[in-house]
Structure formats: C-alpha cells, structure tokens
Amino acid sequence: MPVARSLSPSSVRAARDVRVVVSRLRRRLVDLADTHELTPSQLSVISRLGKDGPASASDLAAAERIRPQSVAATLTILEERGLVVRRPDPDDGRRQRVSLSTTGTALFAGRRRHSEEWLSRALEERLTEAERQTVIEAATLLDRLTHP
C-alpha cells in the first residue's frame, strides 16, 4: 500500500477553488438554458446523445451510472416528447440504438449555442485579453487532469 504524501497548501486550495468555480459556472449555465421542462436526468441523456451519438439503453445506463430501468423510463418520456428515436441496431437485431430526433438535435444545439454565446459575451465584457488568455491556458491545464 503506497504511503500517503501530504498535500501542498496550493494543491488543496486549487482543488477547492476549481470545484467551487466549476459548480457555480455549471449552475449558471443550467439556469440560462431553456430546459423545455425536462428533468436533469432527461437533459443529461439528451446531452450525452448529442455529444456521443447513438447508443443502446444499456450503454446509456452505464455511462450515466444509473439502473437500466431508470434509463428505460427516461427514454420512454423523451420518445413520447419526440426528442429521441429508437432503431434496430444494425449489428445486433435484438438491441435498439437510441439517437436524437430532429427536434432533440435542435434542442441540444440550441442549448449549447445559447450557453456558449452567454459565456463568450461574459468573457468579452468582464475580462481583459490577457485574462482571457490566462483562462485558455488554465483550461488546457485542467483538461490534463481529466486524462489518466
């Protein structure tokens, strides 16, 4: 078992500050989005399908870390609202692949565009060019944390 090293104060502070800022930013972006009265789990599935493309219900359950029954219920509602479509899997006729419908794709793209426009405008109005460059550099560094 590895021996735990003590963490530097700067690592502890950076971790806390990043977590707090990311949470605040995420909440702000969610507040700005037109959710069409969808639940967070429904929005998450739409977002995943929009980013990753078609998937099976079991793939979605694994990716969302929820039970297959919960995904099935979510997909049923999204299908009833015309936001997703199910088609037979071309590689396995016993499975179905779920993808965004035209309406679902428009919803996903609109939400993304709206949030990116707000964030771009806020960065332009509230930060200097040098500060925006610092944000770009920080995002690159933070992205490194997401890779094993």
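Everything that follows concerns the structure shown earlier in this document.
By convention here, each chain's residues receive numbers from 1 onward along its written sequence. Local features in this predicted model are restricted to residues whose pLDDT is 70 or higher, and side-chain atom pairs enter the listing and the counts only when it is 80 or higher, whereas totals over whole chains, interfaces and linings include all residues. Heavy atoms from the whole structure form the basis of all side-chain values; hydrogens and water molecules are not counted.

(A) Quick look at the nonpolar core. For our purposes a nonpolar core is just a set of buried Ala, Val, Leu, Ile, Met, Phe, Trp, Tyr and Cys residues, chained together by side-chain atoms within 4.5 Å. Buried residues are those whose accessible area, probed at 1.4 Å on protein chains only, stays under 20% of the maximum for their type, while exposed residues exceed 50% and partly exposed ones sit between those limits. Counting 17 residues, the largest nonpolar core has Leu 38, Ile 46, Leu 49, Leu 60 and Leu 78 as its most contacted members. Put simply, DSSP marks the helices as runs of H or I at least four residues long and the strands as runs of E at least two long, and each gets a number from the N terminus on. Of all the secondary structure elements, the ones that give two or more residues to this core are helix 2 (40-52), helix 3 (57-64), helix 4 (68-80), strand 2 (92-100) and helix 5 (102-126). Here the element with the most residues in this core is helix 2; it accounts for four residues. What Leu 60 contacts, discounting residues up to four positions off in sequence, is Val 45, Arg 48, Leu 49, Ala 55, Val 71 and Leu 75. Should any heavy atoms of two residues lie within 4.5 Å, those residues are counted as being in contact.

(B) A look at the pattern of salt bridges. Note on definitions: salt bridges are taken to be side-chain nitrogens of Lys or Arg within 4 Å of carboxyl oxygens of Asp or Glu. Throughout the structure, instances matching the rule amount to nine salt bridges. Across the salt bridge formed by Asp 52 and Arg 48, the nearest N and O atoms sit 3.6 Å from each other. On the criterion of helical spacing, the pair formed by Asp 52 and Arg 48 is a turn pair, its members being four residues apart in helix 2.

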